[in-house]
Amino acid sequence: MGFTTVVVETSGAVQTLILNRPDKLNALNSTLLAELREALERAQEDASVKVLILTGAGPKAFVAGADIAEFADMTPAEAVAFSRRGQQLFDAIERSPKPVIAAVNGFALGGGCELAMACHLRVAATTAAFGQPEVKLGIIPGYGGTQRLPRLVGRGRALELLLTGRTIDAATALSWGLANRVAEPEALRQAALALAEEILGVSSVAVGYCLEAVRAGLAGTQEQGMEAEASLFGLCFASEDRREGVGAFLEKRKPNFPGR
Ligand code: COA
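Quick caveat, the model's predicted, so the values are computed rather than measured.

Cut-offs applied
- Residues numbered from 1 in each chain as written.
- Predicted model: local features only at pLDDT ≥ 70, side-chain atom pairs only at ≥ 80, totals over all residues.
- Heavy atoms only, no water.
- Helix = DSSP H or I, 4+ residues; strand = E, 2+ residues; numbered from the N terminus.
- Rg over C-alpha atoms; globule rule 2.2 N^0.38 Å.
- Buried < 20%, exposed > 50% of the residue type's maximum accessible area, 1.4 Å probe, protein only.
- Contact = heavy atoms within 4.5 Å.
- Areas by Shrake-Rupley, 256 points an atom, 1.4 Å probe, with all protein chains shown as cover.
- Lys, Arg positive; Asp, Glu negative; His and termini not counted.
- Charge placed at Lys NZ, Arg CZ, Asp CG, Glu CD.
- Near = heavy atom within 4 Å.
- Polar contact = N/O pair within 3.5 Å; in protein donor to acceptor, adjacent residues only side chain to side chain.
- Nonpolar A, V, L, I, M, F, W, Y, C, P; charged D, E, K, R; others polar.
- Domains from an automatic or database assignment.
- Buried area = accessible area lost by both parts, 1.4 Å probe.
- Salt bridge = Lys/Arg side-chain N within 4 Å of Asp/Glu carboxyl O.
- Pairing = 2+ DSSP bridges.
- Axes fitted to C-alpha atoms, helices over the stretch in contact; angles between N-to-C directions.

Trainee: Could you clarify how one ought to interpret the overall build of the protein in this entry?
Mentor: Along the protein, the regular secondary structure elements total 10 helices and 10 strands. Taking 2.2 N^0.38 as the reference for a compact globule, 260 residues should give roughly 18 Å; the C-alpha atoms of the protein span a radius of gyration of 19 Å, in line with that estimate. Projected onto the principal axes, the alpha-carbon positions of the protein cover approximately 65 × 40 × 35 Å. With 260 residues in all, the protein has 44% of them scored as buried. Sequence-distant contacts in the protein: of pairs separated by 6 or more residues, those separated by 24 or more amount to 67%. Total accessible area on the protein stands at roughly 13,200 Å², and carbon and sulfur atoms take up 57% of it. Of note, the protein has its 26 positive side-chain charges centred 3 Å away from the centre of its 29 negative side-chain charges.

Trainee: What exactly am I supposed to notice about the site of the ligand here?
Mentor: Residues in close proximity to the ligand total 16 residues, the closest being Lys24, Lys60, Ala64, Ala66 and Ile68. Contacts to the ligand include Asp23, whose backbone N or O atom sits 3.4 Å from an oxygen atom. Within the contact set of the ligand, a nitrogen atom lies 2.9 Å away from a backbone nitrogen or oxygen of Ala64. Contact with the protein chains covers 58% of the free accessible surface of the ligand, which is 860 Å². Residues that form the shell around the ligand fall into these classes: 10 nonpolar, one polar and five charged.

Trainee: Hey, could you run me through unusual backbone geometry in this one?
Mentor: Where the residue is not glycine, phi is negative for most of them; where a peptide bond is considered, it is trans in most cases. Even without being a glycine, Leu25 presents a positive backbone phi close to 50 degrees. Using a relative accessible area of 25% as the deciding quantity, one classes Leu25 as partly exposed. Despite not being glycine, Lys252 shows a phi value in the positive range, around 55 degrees. Topologically, Lys252 is positioned in the segment after helix H10 (240-250). Taking the relative accessible area as the measure of exposure, Lys252 reaches 79% and is therefore exposed.

Trainee: Honestly, the domain arrangement of the protein in this entry has me stumped. Any pointers?
Mentor: The figure often quoted for interface size is the accessible area lost as the parts come together. Segmentation of the protein into domains returns domain 1 (6-200) and domain 2 (204-250). A C-alpha centroid distance of 26 Å is found between domain 1 and domain 2. Domain 1 puts 10 residues into the contact, and the matching count from domain 2 is six residues. Among the residues of domain 1 in contact with domain 2, Arg95, Pro97 and Arg151 are the three that bury the most area, contributing 49% of the side total. Between domain 1 and domain 2 we count zero salt bridges in total. At the junction of domain 1 with domain 2, the criterion picks out one residue pair in polar contact (both at pLDDT 80 or more). Classifying every residue of the side of domain 1 that touches domain 2 by side-chain character gives three nonpolar, two polar and five charged.

Trainee: Looking at this model, I keep getting lost on the sheet that holds strand S4 (residues 61-63). Mind explaining?
Mentor: Here four strands make up an open sheet; going across it, the order is S4-S6-S8-S9 and the pairing mixed. Across the chains shown, the open sheet's two edge strands, defined by having one partner strand only, are S4 and strand S9 (167-169). Across the sheet, the mean angle from the axis of one strand to that of its neighbour is 20 degrees, orientation sign disregarded. Strand contacts of helix H3 (residues 111-118): S4, strand S6 (107-109) and strand S8 (129-131), with the helix running at about 75 degrees to S4, the strand carrying the most contacts.

Given below as structure tokens:
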């Protein structure tokens, strides 16, 4: 099945998913969310894909939020279901054993900021703007924003954005740790690819386990995180990557990880 709102580009082991509703600043309507879910599932099943990049089509927006048009006639019960559906998709991104990098090419507002935060790393264009403007609409974030933002930038900064609805620019996002790096708009995709290539040079097994250990600790207590870390550390010792990585170091050569 071809997609209408998601464009898939593959370059070696890196797959880029481009959210493609530029006329509506890539606002997340139900079609786009369903296609993104399907594209992510396909990427997980495709063993040749090792790193994912998410970005927005057009020069203005990564994602300008959930599609506000869909809010007009929503009942409270429908809104709960709407929130849960989005939360589940964004949780799936966070749980992905393959790293997901957001290349934030413009507005990342509301659901767009939440989507960027569900990704593991964020590279921002100098023109990017981040914010959770929901309070300006009389609602609150529903796709994880009240949870991921304080975990990423701390409670005080998160509440500043959540309570005022104002946006911050890329430089501020960088200094707050919301963006990992900033690049000129025309160099953004290249910067995201460079980060992806760096990750491709190490063990993909270990990368997947790092993601899981960090996620487990942040989702639960530090004690639970420590348990997850010990188990996953143990699992490394059942991998060919560990044999290759440690062996190559001892033999003073470059490792060639099989990714198993
Ligand atoms: N949902 C639905 N449509 C949206 C949208 C959203 N979240 N964000 C932008 N659009 C649409 C606009 O309605 C407009 O459509 P139209 O051309 O059919 O009228 C189109 O995208 C372009 O947006 P426009 O507002 O004309 O661009 P701008 O450069 O003047 O302003 C923003 C850009 C991002 C400041 C402005 O679009 C905005 O405030 N968007 C809503 C952001 C928001 O509140 N997001 C959180 C939602 S929970």
